[in-house]
Structure formats: structure tokens, C-alpha cells
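# Notes for the structure review
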Amino acid sequence: DLSGNGHHGTATASGMWTVTAPGCLPGPACGDGAKADWEACDDGNLLFGDGCDAACKPEVPPGGGLVGPGFAYDAQSDGGWLFGGASYYGVSGQLWRYSGKGTQAVWTPVTTNAKPAARVRAVWVRDGNGHAYLWSGEGHYTLLPDLWRLDEGPTPAFVPLTAKGSPLPRRGAVGWWDAPSQRLVVGLGETFYALTSDFAAFDPKTLAWSAL
């Protein structure tokens, strides 16, 4: 009896209780509008994306709200990946999966073995082929020069990339995936003491940057 309400039975996928013995009564159900002791919330429905999901668990923004995170949109799933950003108390290094079609909780934290340093205002772009690229950004009082690839897949994994000819690290750069050339393009942004006006492209096949 996971609910602790004195009713004994078997939990089904919908959160209902199935009567299994004479005199056993169904317990509270997720979506009935009454918050049971085993529910974190109950808004009276089983919809996703409205603050309380179909398992009666709260759907909260990553970190309770972030400034300057990177979001890499996935048109196929109408979702995507979020990384980094700043809160009131520091810079985030958490990766989140966003589900736009309501097949799971809207925001889901994802843990990977390798983990880039926490940062804000970084370039974070998907290539449309199951990968996302993270470049530069601002960490704790430093500009980060590193480049990472996220292999999305069933078990998401970050891979650090060593690339030749990297542009100056910066915060607030623009970035996009150039489909015709199959390259990551970055540019503009800000160093600690100056605005930058250059553009560069990274080729995953050669692991090299080239100035544009």
C-alpha cells in the first residue's frame, strides 16, 4: 500500500487502485482533483504541460527559472535540449530534455558521464542528425574555450572535442548549424573587454575551425 491510506491493492498505470480482496476499497486516483498523500500535486486531469503531469508529479522549470541558458530545438519531436544558464545563486551545468508532445514530463533532467563545466550564454546547437554542439560561454568568472558534442541517442553522452584553430572564447555568441556545408557556425559575442565581430565554422569531419 504505497499511499499509506489503509487501502490495499495494485497500482495501475493511471494511478488508480484495483480491488483485490473483499472489503478493499479503491484509493485516491491521480487526476481526481484531490491531493492524496502519495501525490505531489493533483490538478484534476492527466494532462502534461500544465504544471502537474499524469503521474501527479509537478512540472517545474529547470532550476526554478534560468537566465541565459542554451536551448537546442528538435523540430521532429517538437522538443529539444537545454543546458546551462544562471540562477540567483550560481551558474548551472545541468542538462535537461524537453518534451513538446506531452509523452513524458515536460522538463526532464538528464545525467551524463562526462559533464561540461557550468556556463551561461554559450552556443548550443543541434545538427539534426542526433547530435548537439556546445561551445564557449561564461563560467564562474571565466570565459570557456572548450567544445563538446552531445550524442543524443537512448543514453545521452557528452564527448569533449579537441579542435584546431578555435576562435577566441566569448559569451553571448550566435551559432547555428549550416546544413549545406554540415558545419557549426559561430560568431559575434563578447569577450571580457570587447565586442567581437568575427565568424568561424567548425567541421566535425576534420575537427578543425576555419575563419569566415
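The notes below deal with the structure included here. (Residues numbered from 1 in each chain as written. Predicted model: local features only at pLDDT ≥ 70, side-chain atom pairs only at ≥ 80, totals over all residues. Heavy atoms only, no water.)

## Notes on a nonpolar patch on the surface
A surface patch of nonpolar side chains, about 240 Å² in accessible area, is lined by V174, W176 and L188. By the element assignment, L188 lies in the loop between β14 (183-187) and β15 (199-203). (Patch = residues over 30% accessible without salt bridge, like charges linked within 9 Å, V, L, I, M, F, W, Y side chains within 5 Å. Areas by Shrake-Rupley, 256 points an atom, 1.4 Å probe, with all protein chains shown as cover. Salt bridge = Lys/Arg side-chain N within 4 Å of Asp/Glu carboxyl O. Helix = DSSP H or I, 4+ residues; strand = E, 2+ residues; numbered from the N terminus.)

## Quick look at the pattern of salt bridges
Under the definition given, this model contains nine salt bridges. A salt bridge links D74 to R97; the nearest nitrogen and oxygen atoms lie 3.8 Å apart. Of the two residues, D74 sits in strand β3 (residues 70-74) while R97 sits in strand β7 (residues 95-98), which places them 23 residues apart along the sequence. Classification of R97 by relative accessible area gives buried; the value is 18%. The shortest N-O distance in the salt bridge between R119 and D146 comes to 2.8 Å. Here R119, found in the loop between β8 (107-110) and β9 (123-126), pairs with D146, found in the loop between β10 (131-135) and β11 (147-151); they are 27 residues apart in sequence, far enough to count as distant. Given a relative accessible area of 22%, D146 falls into the partly exposed group. (Buried < 20%, exposed > 50% of the residue type's maximum accessible area, 1.4 Å probe, protein only.)

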